[in-house]
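Chain residues, written in single-letter form:
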Amino acid sequence: MLNNILFVCTGNTCRSPMAEHIFNKKAKEKGINYEVKSCGVAAFGSSSASENAIKALNELGIDLSVHKSKMITQEDIACADVILTMTNSHKHHILQYFGEFSNKVYTVYEYALSQKSDISDPFMGSIEIYRSCRDELNKLLEIIIKKLLEEI
């Protein structure tokens, strides 16, 4: 059974923190416990989540305002039972540097639907673009949680 999930995007200010917090809300609503984190392959400093990511999640009753970006580390990867990336390029980046963990790295689409699709980066986009990203993640994470519940 998977207990530790790591979501990965580029700067850890949009997609992966949205995925982390949406997943946590859904898991809590279903009464299941997971250790869920997010980080970025190019997250420098400790940046806040993007303003529109915060707004888009506020609409779901999720507070993303306390999020601080984090660069991915070998410890993050080693501790995760599964690593879910937003794009194939994020997946390939991780495999390039941490190939020994290839058995647990998937894109979100790959894990949810066995598809080779990417979740587009909404960075600097309008609130509508962030909402679209949020809704896409919401649907995919619902599928992933359903699969995880079937494994219990």
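Residues numbered from 1 in each chain as written. Predicted model: local features only at pLDDT ≥ 70, side-chain atom pairs only at ≥ 80, totals over all residues. Heavy atoms only, no water.

Whenever I open this one, the packing of helix 1 (residues 15-29) against helix 6 (residues 127-151) confuses me. Can you help?
When two helices pack together, their arrangement is given by the angle between their axes and by how far apart the axes lie. Taken N-terminus to C-terminus, the directions of helix 1 and helix 6 make an angle of 45°; their axes are 9 Å apart at the nearest point. Here helix 1 is positioned oblique relative to helix 6, judged by the angle of their axes. Pair helix 1 / helix 6 crosses with right-handed handedness. Seen from helix 1, the contacting residues are Arg15, Met18, Ala19, Ile22, Phe23, Lys26 and Ala27; seen from helix 6, they are Tyr130, Cys133, Arg134, Leu137, Asn138, Leu141, Glu142, Ile144, Ile145 and Leu148. Of the residues belonging to the contact of helix 1 with helix 6, the class tally is 12 nonpolar, 1 polar and 4 charged. (Axes fitted to C-alpha atoms, helices over the stretch in contact; angles between N-to-C directions. Helix = DSSP H or I, 4+ residues; strand = E, 2+ residues; numbered from the N terminus. Parallel < 35°, antiparallel > 145°, perpendicular 65-115°, else oblique. Left-handed = near helix turned anticlockwise from the far one by under 90°. Contact = heavy atoms within 4.5 Å. Nonpolar A, V, L, I, M, F, W, Y, C, P; charged D, E, K, R; others polar.)

Could you clarify how one ought to interpret the pairing of strand 1 (residues 4-9) in this entry?
The side chains of a regular strand alternate between the sheet's two faces. A large share of strand 1 lies buried, amounting to 5 of its 6 residues. Judged from the 6 bridges that link them, strand 1 and strand 2 (residues 35-40) form a sheet pairing that is parallel. Each bridged residue has a counterpart across the sheet, and for Asn4 the counterpart in strand 2 is Glu35. Tracing the backbone out of strand 1, into helix 1 and back to the parallel element strand 2 gives a crossover that is right-handed. Pairing geometry for strand 1 and strand 3 (residues 82-85), over 4 bridges, is parallel. Bridge pairing links Val8 to Thr85 in strand 3. (Buried < 20%, exposed > 50% of the residue type's maximum accessible area, 1.4 Å probe, protein only. Pairing = 2+ DSSP bridges. Right-handed = clockwise from strand over helix to strand, strands pointing away.)

Help me understand the packing of helix 2 (residues 51-58) against helix 6 in this model?
Remark: helix 2 packs on helix 6, axes separated minimally by 9 Å, with the N-to-C direction vectors making an angle of 55°. When the axes of helix 2 and helix 6 are compared, the pair comes out oblique. Where helix 2 crosses over helix 6, the two elements pack in a sense that is right-handed. Packed against helix 2, whose contacting residues are Asn52, Ala53, Lys55, Ala56 and Leu57, the element helix 6 presents Ile127, Tyr130, Arg131 and Arg134 at the interface. For the contact of helix 2 with helix 6, a count of residues per class yields 5 nonpolar, 1 polar and 3 charged.

Sorry if this is basic, but what is going on with the packing of aromatic side chains here?
Here the distance between the centres and the angle between the planes together describe a pair of aromatic rings. Taken as a whole and assessed by the stated rule, the structure comprises 3 aromatic pairs. Ring geometry for Phe23 versus Tyr34: centroids 5.5 Å apart, planes at 80°, classification edge-to-face. Of this pair, Phe23 sits in helix 1 while Tyr34 is found in the loop between helix 1 and strand 2, placing the two residues 11 residues apart along the sequence. The two residues Phe23 and Tyr34 agree in class, both being buried. Ring geometry for Tyr106 versus Tyr111: centroids 5.1 Å apart, planes at 65°, classification edge-to-face. A relative accessible area of 27% means that Tyr106 is categorised as partly exposed. Judged by relative accessible area, which is 16%, Tyr111 ranks as buried. Feature note: the residues Phe7, Phe23 and Tyr34 constitute an aromatic cluster, connected by ring pairs. (Phe/Tyr/Trp six-rings, centres within 6.5 Å; stacked < 30°, edge-to-face > 60°.)

Help me out: how do you make sense of the pattern of salt bridges in this one?
Pairing between side chains becomes possible if they bear opposite charge and their charged atoms approach one another. What the rule picks out here adds up to 12 salt bridges. Salt-bridge contacts for Asp121 lead to Arg15; the nearest nitrogen and oxygen are separated by 3.4 Å. Placement of Asp121 in the loop between helix 5 (108-113) and helix 6 and of Arg15 in helix 1 is noted, with a sequence separation of 106 residues between them. As a salt-bridge pair, Glu142 and Lys26 come within 2.8 Å of each other at their nearest N and O atoms. One end of the pair, Glu142, is in helix 6; the other, Lys26, is in helix 1, and 116 residues separate them in sequence. Relative accessible area serves as the criterion here: at 31%, Glu142 is assigned to the partly exposed category. When salt bridges that share partners are traced, they join Glu59, Glu128, Arg131, Arg134 and Asp135 into one network. (Salt bridge = Lys/Arg side-chain N within 4 Å of Asp/Glu carboxyl O.)

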